[in-house]
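# Understanding the architecture of this molecule
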Amino acid sequence: MLFLLQFILPEYHHLTMTRIMILAIFAMGYNVLFGYTGLLSLGHAMFFGAGLYGAGLTAYHLGWSVPLAFASGIIAGALLSLLVGCIALRTTGVAFMIVTLMLSQVAYLATLYFTRYTRGDEGLVLPQAARSFGFFGATVDLTNPTTRYNLALLLLGIAMLIIYRLVRGKTGRALVAVRENEPRAQMLGYNTFAIKLKALLVSGTLSATAGAAFALMFAYIGSSFTTIQYSIDALLFTLLGGPGTVLGPVLGTFLMFYLIDIASQYTTAYLLVAGFALIFLVLYFPKGILGTIKHRWLPWLP
């Protein structure tokens, strides 16, 4: 259905849907850690930022091609996930939430400190050379809205397949076991630290993939993408759609993005509208929209 939408959407919504699909990958990555493993992170913006800067800075300063810059963004996110996991996973509960928040703030301040390379809040606009690449003799132009849309759709499909295979296998059952009762999982012989580290690695890498794609498709990187607001956004997208479901973060990203977009056209207090929507959600859909539907009526939903 998403593929067919591109043929009927007006230009503005065509661009908006491309952004939504990229941010949905970010939310899906967050959902692996929060929805399936039960770890509440307030620092996921640093992984999105790692992908964003890993791709953007190499393309801007080193002149790397789009595929190489994209790969460097993913690798940067994977390495940061591994480092953060080794530090943050030594804590649990509220302490884990605070540690991820503080580490994310360190990442944000680093983008401001190295202004010579990042230009801080002003950000960098990628050159035209970073907007296209060759593929089997053809040129892929990232300034073309249709190209961007289909690449975003392809990445979203790959991310969904990865997460579906992950959560439907042994690893997924282990993640849920840790979420539901970690001491019991340890008693049964599971190495819960290794399981949580794997979840964080997958989660952070997917989030970095979204960041790298965002930088290269929209040709802009800036410190604002590493603020706590982006971490909160990922949490809200997941809560709205349904944590612990494959499709929930995608639905949540779509609904929240358009809710704020439409509300902002009528009032400057659009966040108040989003707040009332979340209150309604908690009252009538305590597990998120798809999570509640799955729990009450359609248990086969992924």
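Scroll up to find the structure.
To start, this report covers the structure provided alongside it.

## Details of the overall build of the chain
If you tally the helices and strands in the chain, you get 14 helices and four strands. Computed over its C-alpha atoms, the radius of gyration of the chain comes to 19 Å, within 12% of the 19 Å expected for a compact globule of 302 residues. Projected onto the principal axes, the alpha-carbon positions of the chain cover approximately 55 × 40 × 40 Å. A buried classification covers 47% of the 302 residues belonging to the chain. The contacts in the chain between residues at least 6 apart in sequence include a share of 74% that link residues at least 24 apart. Total accessible area on the chain is roughly 14,700 Å²; 69% of this is exposed by carbon and sulfur atoms. When the 17 positive and 8 negative side-chain charges of the chain are each reduced to one mean point, those points stand 16 Å apart.

## Some details on the pattern of salt bridges
Oppositely charged side chains may form a pair once their charged atoms are brought near each other. Within this structure, the stated rule accounts for two salt bridges. A salt bridge links Arg179 to Glu180; its shortest N-O distance comes to 2.9 Å. Taking the relative accessible area as the measure of exposure, Arg179 reaches 33% and is therefore partly exposed. The exposure class of Glu180 is exposed, given its relative accessible area of 55%. As a salt-bridge pair, Lys196 and Glu182 come within 3.1 Å of each other at their nearest N and O atoms. With a gap of 14 residues between them, Lys196 in helix 10 (residues 192-218) and Glu182 in helix 9 (residues 182-187) connect regions that are remote in the sequence.

## What to know about the packing of aromatic side chains
Applying the stated rule across the entire model yields 13 aromatic pairs. Note on Phe280 and Phe285: the rings are 6.4 Å apart at their centroids and 50 degrees apart in plane angle, and the pair reads as tilted. An aromatic cluster of three or more residues is present, and its members are Phe26, Phe48, Phe214, Phe218, Tyr220, Phe225 and Tyr230. The ring centre of Phe218 lies 4.4 Å from the NZ or CZ of Arg19, which sits over that ring.

## Focus: unusual backbone geometry
Despite not being glycine, Arg119 has its phi angle at roughly 60 degrees, a positive value. You can call Arg119 partly exposed: its relative accessible area is 39%.

## Brief notes about the pairing of strand 2 (residues 132-135)
Bridge count between strand 2 and strand 3 (residues 138-141): four bridges; the pairing is antiparallel. Among the inter-strand pairings, Gly134 is bridged to a residue of strand 3, identified as Thr139.

## A few points about the nonpolar core
As a rule of thumb, nonpolar side chains are buried together in soluble globular proteins. Ranked by internal contacts, the top residues of the largest apolar core, which has 66 residues, are Phe48 and Leu52. Among the elements that make up this core, the one with the highest residue count is helix 2 (residues 11-36) (15 residues). Of all hydrophobic cores here, the second largest spans 12 residues; its members include Val66, Ala69, Leu126 and Leu216.

## Some words on the side chain of Arg131
Relative to the helices and strands, Arg131 resides in the loop between strand 1 (124-125) and strand 2. The buried charged residue Arg131 lacks any salt bridge, with Asp141 as its nearest oppositely charged partner at 6.5 Å. At 2.8 Å, the side chain of Arg131 and the backbone oxygen of Met217 are in polar contact. What Arg131 contacts, discounting residues up to four positions off in sequence, is Val140, Asp141, Leu142, Thr143, Arg148, Leu216, Met217, Phe218 and Ala219.

About the cut-offs
Residues numbered from 1 in each chain as written. Predicted model: local features only at pLDDT ≥ 70, side-chain atom pairs only at ≥ 80, totals over all residues. Heavy atoms only, no water. Helix = DSSP H or I, 4+ residues; strand = E, 2+ residues; numbered from the N terminus. Rg over C-alpha atoms; globule rule 2.2 N^0.38 Å. Buried < 20%, exposed > 50% of the residue type's maximum accessible area, 1.4 Å probe, protein only. Contact = heavy atoms within 4.5 Å. Areas by Shrake-Rupley, 256 points an atom, 1.4 Å probe, with all protein chains shown as cover. Lys, Arg positive; Asp, Glu negative; His and termini not counted. Charge placed at Lys NZ, Arg CZ, Asp CG, Glu CD. Salt bridge = Lys/Arg side-chain N within 4 Å of Asp/Glu carboxyl O. Phe/Tyr/Trp six-rings, centres within 6.5 Å; stacked < 30°, edge-to-face > 60°. Lys NZ or Arg CZ within 6 Å of the ring centre and 35° of its normal. Pairing = 2+ DSSP bridges. Core = buried A, V, L, I, M, F, W, Y, C linked by side-chain atoms within 4.5 Å. Polar contact = N/O pair within 3.5 Å; in protein donor to acceptor, adjacent residues only side chain to side chain.

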